[in-house]
Amino acid sequence: MTALTLEGRNSRRIGMIMGAEEQSGVDVREAARTARARNMTRYQRDLLGYSERECGFTPWAGVEEDEGQLEFFQAVQQSVIDQLDGQPAIHEFSIKSCHGVGKTKGCSILVNWFFDAFPQSITITSAPSDDQVRTLLWKDIRSSRPLWGKRHLKPADPFMTRGDGWFAMGRVTNDAGGTGTARFHGQHAKFMLFVFDEADGVPEFAYGAVDGMMTNLGPGMVLIFIRIGNPATRTSEFHKRHTAAGVHSINFDALRFPNVYHDAPSLVPGGTTRDWVSKMVRRHCEVVQQADEEAQTFTLTWETEDKHGSPAPAGTNLKPNGEFLFRVRGKTPKNETLESFISEGRYEAACERDITPMLTQADIHFAAIAADMARYGSDGGTVYLNHRLTLSREAVVQGQDTAGYVVRIEAAIQKAIWQGAKQIQLRVDNTGGWGIGVIDYFKELTYPGVAFEVIEVGFGEVATDPTSYYNLSTELYAEADAVLARTRIATPSDELRDDLTDRRLYYRHGRDKRYVQKAEEKDDFKKRHKRSPDDGDGAVMALAPARLFEPQAVFVEEPRGWGGWTG
């Protein structure tokens, strides 16, 4: 006897129901839907099958190395499989998206899939406003819902259910009276999905509430947290968490969208096209002569014109404004209202840079290791290595643990030697004398075949160029900007990004009464970020050119005569 497939057995079951109960007045269509629904659990490990067979939706694949909807779906599916099997898994997914690539449609498929495939599951979606909840994601949830499953939807509300404890709902993120976290809290189930649509506008308390529900996950439990939106601001929780550890981060860029990249408008039905991109270029971009990673310039493979009407043949450098960046490229614009030493564009370029073509023997032979020392109580310190044009955080050390620093610095030294370093500078933060134990220890050491030097660094010391910089700390941050133009950041983090790109720059009277650049005081940075800029301080010490630590001549101001003449 030939074994029946799962679909065959299901059809046979439905046929039996129809044949046996038709005469008794049973609604056979209802019975068929019930039988079909019972088999939805088979899709727990087949998201793509559900999407295509139940919703008629095929996610678009990314171009070359870029991730698209397909890769996003596959990553979510792998997370679910890992969780079902009791294996370590990624629970959080963040997508910074441009307009017109189906970001909300894709999430609607995921909501329907999770609701149908996972019994007694809880799905909560959120957006900044009631209109966004109802007319964006839940509009697509309704339109993409399989015909047999529409009965689960409430007629008007963003809600669907299959009984007590098994539901999906949309709610507005409202923190009225400071009770938002409490109202968001309290949901617990074996299977849970959270989706933040238009996530750039979702407040911090909502993220904290989900964090609280992501604890105590046991084997076989499934929890997924998805954030998606246009990244308009750098101050949002969406932006801050996008590249956090344990988050699968994706960028949907219209220039890499299949319809635009292949110049095939119908490749992804309803998706954005080159015509729309060209229109946005004419509104928000201008032709520039040189590529500039700080300004996040780009080129197109087709001809258009800029906002001034200047022709822009294929390959022309185009400088975008902030609106173009988040609407077309799915990138967060830099903070244009406050000056900082290092731009968002510079940082992002360093995270993605291929340094292989730039690498010289001098870059291989010289390495700088920096230790930013913890000062008080629970403060942390960092150890950074800058070698072979690559910056990496080697360790985080909690508290004033001299032995802990020694062990981690020694490991960084051995790594640099193994990678070919012949000259190593160890730069130790000795502001306030906190680094003296580490300095004394390493000054007694030598390494065969390596020129090894220990440098004491005082962030408040006089800059090597006091006519431009208020103190050494300011000079280190300013010099780091130029060095990052030919450096790869191997260990990016939200902390490093904020420390480098949001350490504010001021102009103050310097030691000779000239206006000079001055970095924001550490205490002021701590008030804004609730932590010390340990990663930034460690990174800029490691990045600093060696000339900043050479013996300096004493700076003497030229005498000034009457009327500005010297004499």
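Please read all numbers here as calculations on a predicted model, not as lab measurements. (Residues numbered from 1 in each chain as written. Predicted model: local features only at pLDDT ≥ 70, side-chain atom pairs only at ≥ 80, totals over all residues. Heavy atoms only, no water.)

A. View of the overall build of the protein chain. The helix and strand tally for the protein chain stands at 20 helices and 19 strands. In the protein chain, once contacts between residues fewer than 6 apart in sequence are set aside, the share between residues at least 24 apart is 68%. Total accessible area on the protein chain is roughly 26400 Å²; 51% of this is exposed by carbon and sulfur atoms. (Helix = DSSP H or I, 4+ residues; strand = E, 2+ residues; numbered from the N terminus. Contact = heavy atoms within 4.5 Å. Areas by Shrake-Rupley, 256 points an atom, 1.4 Å probe, with all protein chains shown as cover.)

B. Seen up close, the pattern of salt bridges. On inspection of all chains with the given rule, the structure shows 31 salt bridges. Between Arg 346 and Glu 293 there is a salt bridge, with its nearest N and O atoms 2.6 Å apart. Taken together, the residues span a long stretch of sequence, with Arg 346 in helix α13 (residues 344–352) and Glu 293 in the loop between β8 (285–287) and β9 (304–305) at a distance of 53 residues. Taking the relative accessible area as the measure of exposure, Arg 346 reaches 10% and is therefore buried. Linked through salt bridges whose partners overlap, the residues forming this network are Glu 293, Glu 294, Arg 346, Arg 353 and Asp 481. (Salt bridge = Lys/Arg side-chain N within 4 Å of Asp/Glu carboxyl O. Buried < 20%, exposed > 50% of the residue type's maximum accessible area, 1.4 Å probe, protein only.)

C. Quick peek at helix α19 (residues 522–529). Here α19 has its buried residues at Lys 522, Phe 525 and His 529. Around the axis of α19, the buried residues are gathered within 60° of arc, so they sit on the same side. Residues Asp 523 and Lys 527 are exposed on α19 and point more than 90 degrees away from its buried face. Of the surrounding elements, those touching the buried residues of α19 are β12 (366–372), α18 (494–501) and α20 (534–543). (Arc of directions from axis to C-beta.)

D. Structural context of the sheet that holds strand β13 (residues 380–387). One open sheet holds the 6 strands; their spatial order is β16-β15-β12-β13-β14-β17, and the pairing between them is mixed. Each edge of the open sheet carries a strand with a single partner, namely β16 (451–457) and β17 (488–489). Summarising the sheet, strand β14 (residues 390–398) and β17 pair through 2 bridges and their orientation is parallel. Paired with Thr 390 across the strands is Arg 488, a residue of β17. Sheet strands in contact with α20 are β12, β13, β14, β15 (423–429) and β16, and its direction is about 30° off that of β13. (Pairing = 2+ DSSP bridges. Axes fitted to C-alpha atoms, helices over the stretch in contact; angles between N-to-C directions.)

E. Spotlight on the nonpolar core. With 61 residues, the main nonpolar core has Phe 72, Trp 113 and Ile 226 as its most contacted residues. Ignoring anything within four residues of it in the chain, the contact list for Ile 226 reads Phe 72, Phe 93, Cys 107, Leu 110, Leu 193, Phe 194, Val 195 and Phe 196. If you look at the next biggest cluster of nonpolar residues, it comprises 32 residues, including Leu 391, Ala 542, Leu 543 and Phe 549. (Core = buried A, V, L, I, M, F, W, Y, C linked by side-chain atoms within 4.5 Å.)

F. Structural context of the side chain of Asp 498. Note that Asp 498 resides in helix α18. Among all residues touching Asp 498, those that are not within four sequence positions of it are Arg 234, Arg 503, Phe 525, His 529 and Arg 531.

G. Representation of the packing of helix α17 (residues 472–484) against α20 within the structure. Relative to each other, α17 and α20 sit at 65°, their axes nearing to 9 Å. In the crossing of α17 with α20, the sense of the turn from one axis to the other is left-handed. Across the interface between the two elements, Leu 476, Tyr 477, Ala 480, Val 483 and Leu 484 from α17 touch Gly 536, Asp 537, Val 540, Met 541 and Leu 543 from α20. When grouped by side-chain class, the residues that make up the contact of α17 with α20 number 8 nonpolar, 1 polar and 1 charged. (Left-handed = near helix turned anticlockwise from the far one by under 90°. Nonpolar A, V, L, I, M, F, W, Y, C, P; charged D, E, K, R; others polar.)

H. Spotlight on the confidence of the model for the protein chain. Chain-level pLDDT for the protein chain is 86 on average; 85% of the residues reach the 70-or-more range. Note on residues 16–24: pLDDT under 50 across the span, and 5 contacts to partners over four residues away in sequence or across chains. Here residues 175–183 is modelled with pLDDT under 50, and outside its nearest four sequence neighbours on either side it reaches 11 contacts, counting other chains as well. (pLDDT = per-residue confidence, 0-100.)

I. Region of interest: the pairing of strand β1 (residues 92–97). Within β1, 6 of the 6 residues are buried, which leaves the element mostly enclosed by the surrounding structure. Residues Glu 92, Ser 94 and Lys 96 line one face of β1 and the alternating positions Phe 93, Ile 95 and Ser 97 line the opposite face, and both faces are buried. Strand direction decides the pairing type here: β1 and strand β7 (residues 247–252), joined by 6 bridges, are parallel. Residue pairing for β7: Glu 92 is matched across the bridge by Val 247.

J. Quick peek at the packing of helix α3 (residues 47–55) against helix α5 (residues 103–117). Between α3 and α5, the shortest axis-to-axis distance is 10 Å and the interhelical angle comes to 100°. Considering the angle they form, α3 stands roughly perpendicular to α5. Here Leu 47, Tyr 50, Ser 51 and Cys 55 of α3 come into contact with α5, specifically with Ile 109, Leu 110, Asn 112, Trp 113 and Asp 116. Residue composition of the contact of α3 with α5, grouped by class: 6 nonpolar, 2 polar and 1 charged. (Parallel < 35°, antiparallel > 145°, perpendicular 65-115°, else oblique.)

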